[in-house]
Amino acid sequence: MSALCSRPESCINHMHLNAIMNATAKAWTPARARLGQQKQQQARHEMHAFLTNMLQRLQPLLPDVGAREASNILWSSAKLGVDPDALVPGMTDSLAHQFMTNMDVATGQGFASVLVACAKLQLRPCQGALFKAILNGWQQQTCQSLTFKCGRHITQPGHSTSC
């Protein structure tokens, strides 16, 4: 990972940064548990500096970030206990906006990751618009699924026409 992080900015794309954030989140908890209290504080400070650097590198690449990467980065931030806005102002809303923009291709895991991250960090991205968009998207998917199931049910011989 250190080789990837030391690449020039032009060689790192949004998927690399997503992978770096995700790996950092997964490695942080067990690594921190092995450190003493004083070393934990120093490591946390260094981790914040590292994440700030990664999020700053991500900022100009945000238009390329899809729902999956946005949800993963928000989840990674929550796992690390860090609000992206605390490191790079406006980053949480930017990630939420990218998730909403690409929400039609988001998976259930993506939705869950975003909601867990927001709950854990006590965030209301985009003044709550993210939650409204998720609720509306979920309602539309549920209605489409029910319509599909009812349509299949109606067309099968011997079934009633009511759902």
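Residues numbered from 1 in each chain as written. Predicted model: local features only at pLDDT ≥ 70, side-chain atom pairs only at ≥ 80, totals over all residues. Heavy atoms only, no water.

Engineer: Could you give me a rundown of the overall build of the protein, with the residues and numbers involved?
Structural biologist: Tallying secondary structure elements over the protein gives eight helices and zero strands in all. Ordered by position in the sequence, the α and β elements of the protein form the string α-α-α-α-α-α-α-α. Each of the 163 residues in the protein was classed as buried or not, and the buried ones make up 37%. Considering only contacts within the protein whose residues lie at least 6 apart along the sequence, 68% involve residues at least 24 apart. (Helix = DSSP H or I, 4+ residues; strand = E, 2+ residues; numbered from the N terminus. Buried < 20%, exposed > 50% of the residue type's maximum accessible area, 1.4 Å probe, protein only. Contact = heavy atoms within 4.5 Å.)

Engineer: Break down the packing of helix 2 (residues 14-33) against helix 3 (residues 37-58) for me, citing the residues and quoting the values.
Structural biologist: Packed helices, taken two at a time, are described by the angle their axes make and the gap between the axes. At a minimum axis distance of 10 Å, the contact between helix 2 and helix 3 shows a crossing angle of 170°. It follows from the interaxial angle that helix 2 and helix 3 lie roughly antiparallel. Contact with helix 2, carried on its side by His-14, Leu-17, Ile-20, Met-21, Thr-24, Trp-28 and Arg-32, involves Gln-40, Ala-43, Arg-44, Met-47, Phe-50, Leu-51, Met-54, Leu-55, Arg-57 and Leu-58 of helix 3 and no other residues of that element. Looking at the contact of helix 2 with helix 3, its residues break down into eleven nonpolar, three polar and three charged. (Axes fitted to C-alpha atoms, helices over the stretch in contact; angles between N-to-C directions. Parallel < 35°, antiparallel > 145°, perpendicular 65-115°, else oblique. Nonpolar A, V, L, I, M, F, W, Y, C, P; charged D, E, K, R; others polar.)

Engineer: Outline unusual backbone geometry, listing residues and values.
Structural biologist: In this model, Gln-122 sits at a positive phi of 55°, which is unusual for a non-glycine residue. Looking at where Gln-122 falls in the secondary structure, it is placed in the loop between helix 7 (108-121) and helix 8 (129-155).

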